[in-house]
Amino acid sequence: MTRPVLERDEPVGRRVARWRLRRRMTQQMLADRLGKSKSWVDKVERGVRSLDRYSVVQEIARVLRVDPAVLLDPRKPPPTLATGLDGIDAVRATLARYHQRPTRTVPVEEVERSVEHAWLAYQHAHYAQLLRALPALLDAAHAIPGLLVSAYRITASVLVKLGEADLAWLAADRAVTAGTGDPVRTGAATIAVAQALRALGRDRLALTAAVAAVGTAADDGVRGTLLLQAALAAAGCGDGHRADDLIDHAAALAGRPTGTEDAHHTAFGPIGVLLARFLTALNCGDAGEAVYRHEQAIRRDDWPLLPAEHRAAHLIDAARAYLQAGDLTAAGYTLADADTIAPAEVRYRPAARTLIAEIAHSGPAAASVARLATLIGLTR
């Protein structure tokens, strides 16, 4: 006899669908009240698009007239955002005093070193350290446009990671403004804009912004990364054919011989193209193809050369692919691997915390996943 599915075992998207039906709402009605597309609601309910921002869960719960905890887990309160991390409020305050920068001048060489240290902190997923450093870095770089672009890009990138997409969009927009007159820097800043817009669920806007910037950014790494961001946005719009076409254009750039220096911190290359193909397949609902692409990627010689943040972020997505494919064991082991590479990427990101909860509640979890769930306060 088949065991009935209990509410506590349901994916979040299925709970959304169940409560939508209880409220006698169609997918289109829910989409209209959320300011989203019907396709977005459908993907959420089918588990193709994850609900990795608590603010979005709150908004859905408000429209459905239920407590957010009912959607996340009927037995427990929702996970807190970025538990154990301080500093987001200080970054927000720094962005708010945009026209009131300190008058103290910091030598350019010192700011350059600080920017490089910030990039390293980001690439190694040292998010707590980075958040503490960002307010001073933004203040110090305010009079040096080239360095200010980088400071805002780093700020936007870490804020996207930590579920603060609205604030990330603000920082990314500031980066574009600071890069005015320099097409390459503006293009690099637009990468952050596209990432923030995608995190906000504004894929069509992200697609438009990224494609518009491709033609002016005379740097293969920046252009290629913009094409990949555009492809991921196209996949988010449900346009898999356009996503594949954009990735093919990026692959042509990745195949060109280049130096080893990543001057604009894009980590663009053949491995990045393959990871984009993986994520496009996952976002389009083809978990089997996504798993195949993932297993191809991690066997490549250039996989270990990616920054720790990038590898761990990919493994979190790969764990979701395994979960959607029904391989709970592989999902757990992949998530544990991500934690080994960059613990902060797994323990502080809302997307990862939601995934840990889903894996832990989907059946008997591996000891490593159970340990992670305990560490971040998601024990059953």
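Residues numbered from 1 in each chain as written. Predicted model: local features only at pLDDT ≥ 70, side-chain atom pairs only at ≥ 80, totals over all residues. Heavy atoms only, no water.

## Here's the deal with the overall build of the protein chain
1) Next: A tally of regular secondary structure across the protein chain gives 21 helices and zero strands.
2) Next: When each of the 380 residues of the protein chain is scored for burial, the buried share is 54%.
3) Next: Counting contacts in the protein chain only where the partners sit at least 6 residues apart, residues at least 24 apart contribute 65% of the total. (Helix = DSSP H or I, 4+ residues; strand = E, 2+ residues; numbered from the N terminus. Buried < 20%, exposed > 50% of the residue type's maximum accessible area, 1.4 Å probe, protein only. Contact = heavy atoms within 4.5 Å.)

## Thoughts on the confidence of the model for the protein chain
1) Next: Mean pLDDT over the protein chain: 86, with 89% of residues reaching 70 or higher.
2) Next: In the predicted structure, residues 1-8 sits below a pLDDT of 50 and forms eleven contacts with residues beyond four places in sequence or in another chain.
3) Next: For residues 76-84, every residue scores under 50 in pLDDT, and the model assigns this stretch 21 contacts once sequence neighbours within four places are set aside. (pLDDT = per-residue confidence, 0-100.)

## Notes on the pattern of salt bridges
1) Next: Under the defined criterion, the tally for this structure stands at 15 salt bridges.
2) Next: Two residues, Arg 20 and Glu 45, come together in a salt bridge whose shortest N-O distance is 2.6 Å. A residue pair is termed long-range when its members are at least 10 positions apart, and Arg 20 in helix 1 (residues 12-22) and Glu 45 in helix 3 (residues 38-46) qualify at 25 residues.
3) Next: Each of the salt bridges in this network shares a partner with another, and the network as a whole consists of Lys 161, Glu 309, Glu 345 and Arg 349. (Salt bridge = Lys/Arg side-chain N within 4 Å of Asp/Glu carboxyl O.)

## Examining the nonpolar core
1) Next: Judged by nonpolar contacts, the single largest core of 106 residues is most densely connected at Val 111, Leu 130, Leu 134, Val 158, Leu 226, Leu 335 and Ile 356.
2) Next: Looking at this core element by element, the count peaks at ten residues for helix 13 (residues 220-236).
3) Next: In contact with Val 111, other than residues within four places in its own chain, are Val 106, Leu 137, Ala 140, Ala 141, Ile 144 and Leu 147.
4) Next: Val 12, Trp 40, Leu 51 and Ala 61 belong to the second largest nonpolar core, which has 20 residues in total. (Core = buried A, V, L, I, M, F, W, Y, C linked by side-chain atoms within 4.5 Å.)

## Description of unusual backbone geometry
1) Next: One non-glycine residue, Ala 125, lies in the positive phi region at around 60°.
2) Next: Looking at where Ala 125 falls in the secondary structure, it is placed in the loop between helix 7 (108-123) and helix 8 (127-141).
3) Next: In the Ramachandran plot, Ala 267 falls in the positive-phi region, its phi being about 55° despite a non-glycine side chain.
4) Next: For Ala 267, the location among the structural elements is in the loop between helix 14 (240-254) and helix 15 (270-283).

## Some words on the environment of His 310
1) Next: Relative to the helices and strands, His 310 resides in helix 17 (residues 308-324).
2) Next: Ignoring any residue separated from it by four or fewer positions in sequence, one finds His 310 in contact with Ala 267 and Leu 275.

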